[in-house]
Amino acid sequence: MGTPAYAVPTLDALCASGHSIAAVYTQPPRAAERGRKVRPTPVAVRAEAAGFPVRTPPSLKREEAQTAFAALGADLAVTVAYGLILPPAVLAAPRLGCINAHASLLPRWRGAAPIQRAIMAGDTETGVTIMRMDEGLDTGPILAAEAVPIGPETTGGALHDMLAALSARLVVDAIDALAAGTLAETPQPSGRRDLRG
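Residues numbered from 1 in each chain as written. Predicted model: local features only at pLDDT ≥ 70, side-chain atom pairs only at ≥ 80, totals over all residues. Heavy atoms only, no water.

1. Some thoughts on the overall build of the chain
Part 1: Per the secondary structure count, the chain includes 7 helices and 8 strands.
Part 2: If one aligns the C-alpha atoms of the chain with their principal axes, the spans along those axes are about 50 × 45 × 30 Å.
Part 3: Here the chain holds 197 residues, and 44% of them are scored as buried.
Part 4: Summarising the internal contacts of the chain: among those between residues at least 6 apart in sequence, 63% fall at separations of at least 24.
Part 5: Taken as a whole, the chain presents about 10100 Å² of accessible surface, with 56% of it coming from carbon and sulfur. (Helix = DSSP H or I, 4+ residues; strand = E, 2+ residues; numbered from the N terminus. Buried < 20%, exposed > 50% of the residue type's maximum accessible area, 1.4 Å probe, protein only. Contact = heavy atoms within 4.5 Å. Areas by Shrake-Rupley, 256 points an atom, 1.4 Å probe, with all protein chains shown as cover.)

Shown next, in the form of structure tokens:
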């Protein structure tokens with residue numbers, strides 16, 4: 001489950017890992033650029049090229065979308081910059097739950113635009129957190145995390161690409177550890193610091 005170019009390396013890594021992919025969920029095509037031509041998401045383009053079934057529900061709140069998701073019989077759902085909130089019925093459908101790759105060291109910069117927020121705040125490091133999803137916004141237990149430095153010359157684009165590649169590696173590592181029964185969960189600290197820095 002992913003939408004922008006940031007999520008494509010994770011899809012590629014999952015394909016290369018040998019894990020079976022039941023379906024790819026992404027946001028519906030939207031009008032883009034000057035001509036306002038409707039374009040599929042980068043994840044949809046890559047998934048279709050790889051031959052995966054692509055599903056683009058505008059929301060997962062409706063019962064029919066939840067039933068279709070549950071009918072996949074998936075062991076695990078992986079989200080990376082999907083852009084839709086997963087309701088409780090979706091979170092509960094996969095046998096092993098849902099995990100998310102988030103482009104910050106949680107609990108810092110929960111929510112949207114964590115890469116931009118880290119740069120704007122002058123952070124000297126950020127990273128990727130793999131977490132088990134719960135009903136909160138980026139509040140679930142941490143499964144894995146890895147930091148990367150933000151130097152004075154680091155651009156948003158370079159950091160985006162670095163974190164996208166790191167997300168891909170950490171997702172596959174987390175799935176392998178989950179399958180082996182060696183993945184530990186660490187609750188996130190609570191508090192408001194996470195939202196404002």
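2. Focus: the packing of helix H1 (residues 8-17) against helix H6 (residues 156-180)
Part 1: The N-to-C vectors of H1 and H6 enclose an angle of 35°; their axes lie 8 Å apart at closest approach. With respect to the hand of their crossing, H1 and H6 are arranged in right-handed fashion. From H1, Pro9, Thr10, Ala13, Leu14 and Ser17 reach across to H6, where they touch Ala164, Ser167, Ala168, Val171, Val172 and Ile175.
Part 2: The residue makeup of the contact of H1 with H6, split by class, is 8 nonpolar, 3 polar and no charged. (Axes fitted to C-alpha atoms, helices over the stretch in contact; angles between N-to-C directions. Left-handed = near helix turned anticlockwise from the far one by under 90°. Nonpolar A, V, L, I, M, F, W, Y, C, P; charged D, E, K, R; others polar.)

3. Here we look at the confidence of the model for the chain
Part 1: On average, residues of the chain score 93 in pLDDT, and 96% of them are at 70 or above.
Part 2: Low pLDDT, under 50, characterises residues 192-197; the predicted model gives this stretch 11 contacts beyond four residues in sequence or across chains. (pLDDT = per-residue confidence, 0-100.)

4. What about the environment of Ala180?
Part 1: Tracing the backbone shows Ala180 in helix H6.
Part 2: With 158 residues separating them along the chain, Ala180 and Ala22 place their C-alpha atoms 21 Å apart.

5. Concerning the pattern of salt bridges
Once their charged atoms are close, side chains differing in charge can pair, the charge on each being opposite to the other.
Part 1: What the rule picks out here adds up to 7 salt bridges.
Part 2: The partner of Arg95 in a salt bridge is Asp75, with the nearest N and O atoms 3.0 Å apart. Remark: Asp75 occurs in the loop between helix H3 (63-70) and strand S5 (77-80) and Arg95 occurs in the loop between helix H4 (88-92) and strand S6 (98-102); sequence separation between them is 20 residues.
Part 3: Note on Arg95: relative accessible area 61%, which makes it exposed.
Part 4: Exposure remark for Asp75: the relative accessible area of 42% places this residue in the partly exposed category. (Salt bridge = Lys/Arg side-chain N within 4 Å of Asp/Glu carboxyl O.)

6. Brief notes about the packing of aromatic side chains
Part 1: Evaluated as defined, the whole model comprises 1 aromatic pair.
Part 2: Relative to Phe69, the ring of Tyr25 lies with its centre 5.5 Å away and its plane at 80°, an arrangement referred to as edge-to-face. Of this pair, Tyr25 sits in strand S1 (residues 24-25) while Phe69 is found in helix H3, placing the two residues 44 residues apart along the sequence. Take Tyr25 and Phe69: they sit in the same class, and that class is buried. (Phe/Tyr/Trp six-rings, centres within 6.5 Å; stacked < 30°, edge-to-face > 60°.)

7. A closer look at the nonpolar core
Part 1: If you look at the biggest cluster of nonpolar residues, it comprises 34 residues, and the most contacted ones within it are Tyr6, Val78, Ile130 and Leu163.
Part 2: Those elements that provide at least two residues to this core are H1, helix H2 (42-50), S5, S6, helix H5 (114-120), strand S7 (125-132), strand S8 (142-149) and H6.
Part 3: Not counting the four nearest positions on each side in its chain, Tyr6 is found in contact with Val80, Ala81, Ala103, Ile115, Val128, His160, Leu163, Ala164 and Ser167.
Part 4: Counting 16 residues, the second largest nonpolar core, distinct from the first, contains Ala23, Ala77, Cys98 and Leu106. (Core = buried A, V, L, I, M, F, W, Y, C linked by side-chain atoms within 4.5 Å.)

8. As for the packing of H1 against H2
Part 1: Where H1 meets H2, the closest approach of the two axes is 9 Å, and the angle between their N-to-C directions is 25°. Judged by the angle between their axes, H1 and H2 are roughly parallel. In the crossing of H1 with H2, the sense of the turn from one axis to the other is right-handed. Within the contact between the two elements, H1 uses Val8, Leu11 and Asp12 and H2 uses Pro42, Val43, Arg46 and Ala47.
Part 2: Residue composition of the contact of H1 with H2, by class: 5 nonpolar, no polar and 2 charged. (Parallel < 35°, antiparallel > 145°, perpendicular 65-115°, else oblique.)

9. Focus on the sheet that holds S7
Part 1: With mixed pairing, 4 strands are arranged side by side in an open sheet as S5-S6-S7-S8. Edge positions in the sheet fall to S5 and S8, since each has one partner strand and no second. Going across the sheet, the axis of each strand differs from the next one's by a mean of 15°, ignoring polarity.
Part 2: One ladder, built from 7 bridges, connects S7 with S8; its direction is antiparallel. Opposite Thr126, over in S8, you have Val148 as the bridge partner.
Part 3: Here H6 sits on the sheet in contact with S5, S6, S7 and S8, set at roughly 30° to S7. (Pairing = 2+ DSSP bridges.)

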